[in-house]
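What follows is each chain in one-letter form.
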Amino acid sequence: MPRSKTLLEIQKFGGASLADPAAIRQAVEIIRGRPLPSVVVVSAMAGVTDLLLRTAARAGAGDYPGAAVLATECRDRHLAAIRTLLTGRARDELLELVNAEFEELTALCQGLSVVRELTPRTTDFVVGRGERLSAQLLGAVLAAAGVKIRQVDALEVVHTDGHFGGAAPDLEACDRAMQRVLKPLLAEGITPVLPGYVGAGPDGQMTTLGRGGSDLTAVLAGRALGASRVNLWKDVPGLLTANPRVVPTARVLPQLNVREAAELAYYGAKVLHPRALIPVLDRPVPVFVRPFADPQAEGTEVSSRETGLEVPVKALSAATGQALVTVEGNGMLGVPGVAARTFQALHRERISVSLITQASSEHSICFSVPAGSAAQAKACLEAAFQEEINRKEIDGVTVRSGVATIAVVGLGMAGTPGVAQRLFTALASRRINVIAIAQGSSELNISAVVDESQAELAQVAVHEAFQLGKVGGGSVTPRDTLDLVLLGFGKIGRAFADLVAKLPGSGPKVRIVAVMDRSGVVFEPEGLSGRRLLDIAREKERGHALRHMPGGRAASADSAVTMVAGHALSHPVLVDVTAEDTLPLIRSALIHGMDVVLANKRPLSGPAAQAEELWKLAREHGRRLRHEATVGAGLPVMDTIAKLQETGDQILSIEGCLSGTLGFVLSELERGRTFSQAVAAALQAGYSEPDPRDDLSGQDVARKALILGRLIGFAGEASAVAVESLVPKPARSLPLKRWLAQLPKSDAEWAARQKAARSRGAALRYLATVTPQRIKVGLVPVPAESPFAGLRGTDNLIVFTTQRYHDHPLAIRGPGAGPEVTAAGVLNDVLALAHR
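All values reported here derive from a predicted model rather than from experimental measurement.

(A) Spotlight on the overall build of the protein chain. Looking only at helices and strands, one finds 28 helices and 29 strands in the protein chain. The C-alpha atoms of the protein chain give a radius of gyration of 37 Å, which is well past the 28 Å a tight globule of 836 residues would have. With the principal axes as the frame, the protein chain shows a C-alpha extent of 120 × 75 × 50 Å. Evaluated residue by residue, the protein chain yields a buried proportion of 53% over its 836 residues. Once local pairs closer than 6 in sequence are excluded, the contacts in the protein chain between residues at least 24 apart make up 73%. With the model as given, the accessible surface of the protein chain reaches about 35600 Å², and the carbon-plus-sulfur share is 52%. Placing the 91 positive and 85 negative side-chain charges of the protein chain at their respective mean positions leaves the two points 6 Å apart.

(B) View of the packing of aromatic side chains. What the rule picks out here adds up to 5 aromatic pairs. An angle of 85° between the planes, with centres 6.3 Å apart, marks the rings of Phe13 and Phe292 as edge-to-face. In this pair, Phe13 sits in strand E1 (residues 6-13) while Phe292 sits in the loop between strand E9 (287-291) and strand E10 (300-303), placing the two residues 279 residues apart along the sequence. Under the relative-accessibility criterion, Phe13 is labelled buried at 0%. What makes Phe292 buried here is its relative accessible area of 8%.

(C) Examining the pattern of salt bridges more closely. The final tally for this structure, using the stated rule, is 49 salt bridges. The residue Arg91 makes a salt bridge to Asp92 at a minimum N-O spacing of 3.5 Å. Taking the relative accessible area as the measure of exposure, Arg91 reaches 30% and is therefore partly exposed. Take Asp92: its relative accessible area is 41%, and that puts it in the partly exposed class. In this structure, the salt-bridge partner of Arg305 is Glu301, at a minimum N-O distance of 2.9 Å.

(D) Just the sheet that holds strand E16 (residues 445-451), in detail. If you trace the 6 strands from one edge of the open sheet to the other, you get E12-E13-E11-E14-E16-E15, paired in antiparallel fashion. In this open sheet, the two strands that pair with only one neighbour each are strand E12 (355-358) and strand E15 (436-439). On average, adjacent strands in this sheet sit at an angle of 30° to one another, irrespective of strand direction. Direction of pairing for E12 relative to strand E13 (residues 364-370): antiparallel, over a ladder of 4 bridges. When the sheet's bridge partners are listed, Leu355 is paired in E13 with Ser368. Sitting on the sheet, helix H12 (residues 374-384) touches strand E11 (315-328), E13 and strand E14 (396-409), and the angle it makes with E14 is about 125°. Running at roughly 15° to E16, helix H14 (residues 419-429) makes contact with E14, E15 and E16 of the sheet.

(E) Geometry of the nonpolar core. Among the nonpolar cores identified, the biggest contains 99 residues, and Ile10, Phe13, Leu137, Leu138 and Met178 are the most heavily contacted of them. The element best represented in this core is helix H3 (residues 64-85), accounting for 8 residues. For Met178, the contacting residues outside a window of four places in its chain are Val157, Val158, Lys183, Leu194, Thr217, Leu220, Ala221, Ala224 and Leu225. Counting residues in each nonpolar core, the second largest holds 74 residues, with Ala560, Leu625, Leu635 and Ile712 among its members.

(F) A look at helix H21 (residues 637-646). All buried positions along H21 are accounted for by Val637, Met638, Thr640, Ile641 and Leu644. Around the axis of H21, the buried residues are gathered within 160° of arc, so they sit on the same side. Elements that come into contact with the buried residues of H21 comprise strand E24 (651-657), helix H25 (699-711), strand E28 (795-802) and strand E29 (810-815). Among the residues trailing H21, Gly648 stands out with phi positive, at a value near 90°.

(G) Fine view of the environment of Arg259. Take Arg259: it is sitting in helix H10 (residues 258-266). With 157 residues separating them along the chain, Arg259 and Thr416 place their C-alpha atoms 18 Å apart.

(H) Region of interest: the state of the cysteines. Inspection of every chain in the model, using the stated rule, returns 0 disulfides. Lacking any disulfide linkage, Cys74 is separated from the closest cysteine sulfur, that of Cys109, by 11 Å.

(I) Looking closely at the packing of helix H22 (residues 660-670) against helix H23 (residues 675-685). The geometry of H22 relative to H23 is characterised by a closest axis approach of 9 Å and an angle of 140° between their N-to-C directions. By the angle between their axes, H22 is oblique relative to H23. For the pair H22 and H23, the sense of crossing is right-handed. Residue-level contacts link Thr661, Phe664, Val665, Glu668 and Leu669 of H22 to Phe675, Ala678, Val679, Ala681 and Ala682 of H23. Of the residues contributing to the contact of H22 with H23, the split by class is 8 nonpolar, 1 polar and 1 charged.

(J) Quick peek at the sheet that holds strand E18 (residues 510-516). Taken in spatial order, the 7 strands make up an open sheet running E20-E19-E18-E17-E21-E22-E23, and their pairing is mixed. Strands at the two margins of the open sheet, each flanked by one partner only, are strand E20 (552-554) and strand E23 (625-626). The pairing of E18 with strand E19 (residues 520-523) spans 3 bridges and is classified as antiparallel. Across the sheet, the residue bridging to Ala514 is Phe523, located in E19.

(K) The arrangement of the environment of Gly238 in detail. Tracing the backbone through its elements, the reader meets Gly238 in the loop between strand E7 (227-234) and strand E8 (255-257). By relative accessible area, Gly238 is classed as buried at 0%. Remark: the alpha-carbon pair of Gly238 and Gly473, spanning 235 residues in sequence, is separated by 17 Å. Apart from the residues within four sequence positions on either side, Gly238 is in contact with Val252, Val289, Gly299 and Thr300.

(L) Structural context of helix H15 (residues 455-465). All of the buried residues in H15 are Ala455, Ala458, Gln459, Ala461, Val462, His463 and Ala465. Buried residues belonging to H15 abut E11, E14, H14 and E16. Once H15 ends, the next one or two residues include Gln467, with phi positive near 50°.

(M) Fine view of the pairing of strand E27 (residues 775-783). As judged from the 2 bridges shared by strand E25 (residues 722-723) and E27, these two strands associate in the parallel manner. Considered in E27, the bridge of Ala722 is made with Lys776. Taken together, the 9 bridges between strand E26 (residues 762-770) and E27 define a ladder with antiparallel strand orientation. Bridge assignment links Ala763 to a residue of E27, and that residue is Val782. Hairpin connection, E26 to E27: the antiparallel pair is bridged by 4 residues.

Definitions and limits used
Residues numbered from 1 in each chain as written. Predicted model: local features only at pLDDT ≥ 70, side-chain atom pairs only at ≥ 80, totals over all residues. Heavy atoms only, no water. Helix = DSSP H or I, 4+ residues; strand = E, 2+ residues; numbered from the N terminus. Rg over C-alpha atoms; globule rule 2.2 N^0.38 Å. Buried < 20%, exposed > 50% of the residue type's maximum accessible area, 1.4 Å probe, protein only. Contact = heavy atoms within 4.5 Å. Areas by Shrake-Rupley, 256 points an atom, 1.4 Å probe, with all protein chains shown as cover. Lys, Arg positive; Asp, Glu negative; His and termini not counted. Charge placed at Lys NZ, Arg CZ, Asp CG, Glu CD. Phe/Tyr/Trp six-rings, centres within 6.5 Å; stacked < 30°, edge-to-face > 60°. Salt bridge = Lys/Arg side-chain N within 4 Å of Asp/Glu carboxyl O. Pairing = 2+ DSSP bridges. Axes fitted to C-alpha atoms, helices over the stretch in contact; angles between N-to-C directions. Core = buried A, V, L, I, M, F, W, Y, C linked by side-chain atoms within 4.5 Å. Arc of directions from axis to C-beta. Disulfide = S-S within 2.5 Å. Parallel < 35°, antiparallel > 145°, perpendicular 65-115°, else oblique. Left-handed = near helix turned anticlockwise from the far one by under 90°. Nonpolar A, V, L, I, M, F, W, Y, C, P; charged D, E, K, R; others polar.

And the structure:
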């Protein structure tokens, strides 16, 4: 029955937390600073267990001199720490104890080197002294610091099944012993100091609990005493979503259910002993994996709480150094008891099995074991099925070495569709072959066996697929869901948001999760509702900055992209509908894994090297960059170029009226309006750039022409584009309001231009001529029979002369300006990204 919690804690210090005198002093300060009474459990000093194992191995191999050298090295480490940390009688007594321990060890090594036999029992007897010496050392330093302590012999309170090298604790016996021995000490205000890792078998002999077994000792104490918490102080920040040495983006998990943590530990996460959590599976005792280097950090809580169920996958783990063993044969079909005999044989040899899979035809049973146990497993199974093998009912036992098991873990996987699909799609995308698969009916874990050479790549791929390195990671979202980060919320941005809100439910799911401008960002990972976007639009129209709106925050565009990219979004897309220099921001978005859609021409019409760098970044990061709306608003200009080139056609030249603004202004002149009236009308309707001089100067058309030119082979810079400006030089530097006020002074000049063109039967058009060798933009009187003469309003006309369309060029005509048509072009690009 679960016991109520007691106001006490268990403090367990791993080897790295006791590595040297400075670390030991910090451990003492942690213990003294805890608010509740503590039981202290210690591991051996860092490296001591390995040193003692090597000492025993040398002695067992007959190399007494070598063993003696290692034993002396181990002794000297302890003596040096004692001399640094203690003084007076406490120091002398502990020095004497340590010297006596190593005299006994040296004598034991001498005997082992004579008989040349090292049994598991003797190995445990040698290795177990590391924890016992560490406990003596820390206890003495605690006592010197004024803490009332009592050394407790682990053999008195930790009872095991007697299996040397990896004993299992007797939970009920441990409960009784710890309550009998430790509770009275705590009641007297005494801090028990207990060696981890070791215990006593039924015959009283020392046994060890396996590598990392001090965790198990600490959790046994927490269980027996009903502790408020068990703190496992380690050299890691907590339990992570993956091994950080393999996956650099791994992050600390604030909480895991005990079953989730046990799965991760079992499948290779080295932070916890695989069996460390068994004692608290049925007890409400939380275990905290905490960073020794940062005692204020909480690390990871492992408890019976079930959190984050909306996130199916919380973490992944990998068990390397595995072998896959297969028992197969036609004679197994429908024969009862084959599986039972298989695992009974393995049990007799104490071989641990980490994964099991069986074909529904019962033709084979496949399971994984540690690679070091593969030969033993094969031999014991061949012996168990010798008669069936002789009768050809079983073909035999095969072993495939060099494999690893990748496991994704999370309680939220139960009942959540798509987890397995995401896992195996991630592996397939990196060309990783899956050898075997296993999933329990509880859906807590899905495991896949892969070649060990691909294990690291597999972990990175799976971690990325579930976005475990990001806030809210681990979700499974349909592939056609797009999360949009909208840069710019002027007329085009608001028109775009309105179109997104009206999308039919039957198509790809599109949601705007962030709106950004110069002042800051409004971000909601679950998506900004239509009502919220409408409120933002109203506030923007009133002149309010995003940072001052509900949910808004001040941030530079680059820091906002970084912040947004830190969340687990589904297919994130940066949509740039500004007219600013956003090149650094576009780079950042591509690097952070976002696709990019541009209505903004500047990133692709700057220096050629910078534009090429964007395309290169997109390729390197597997991202797509679409920019249909940079030329022709919603017209399929880029799509036409792509299709012509994909089918092998060669584009010889492109001619076009590429500015809806200039087309509108010039056609308004033909209708009898003055130049200043036509410009004001274009600005009012939202056809022009915020500063109409960007259009009238020809720079906007020049940028569009340069984008087109680079697509068909033009290698020059913007300075090589011949541009005729319609803005006199003195007017270019004036403030916008002042320039607009002076604009009527140009009306007479433009009326004369219009009259002269009409007298020749021509129409004034601002025309771009683009070839792979040359780009020219400027005002041209076109004859009445030219298709360009018939343009009205904001219509664009783009004419492609190609090898295939030489005598009869291909033409595209339609509206080329206005917030709605530009927004529609942007949305078309966004929807195209939904179909990868």
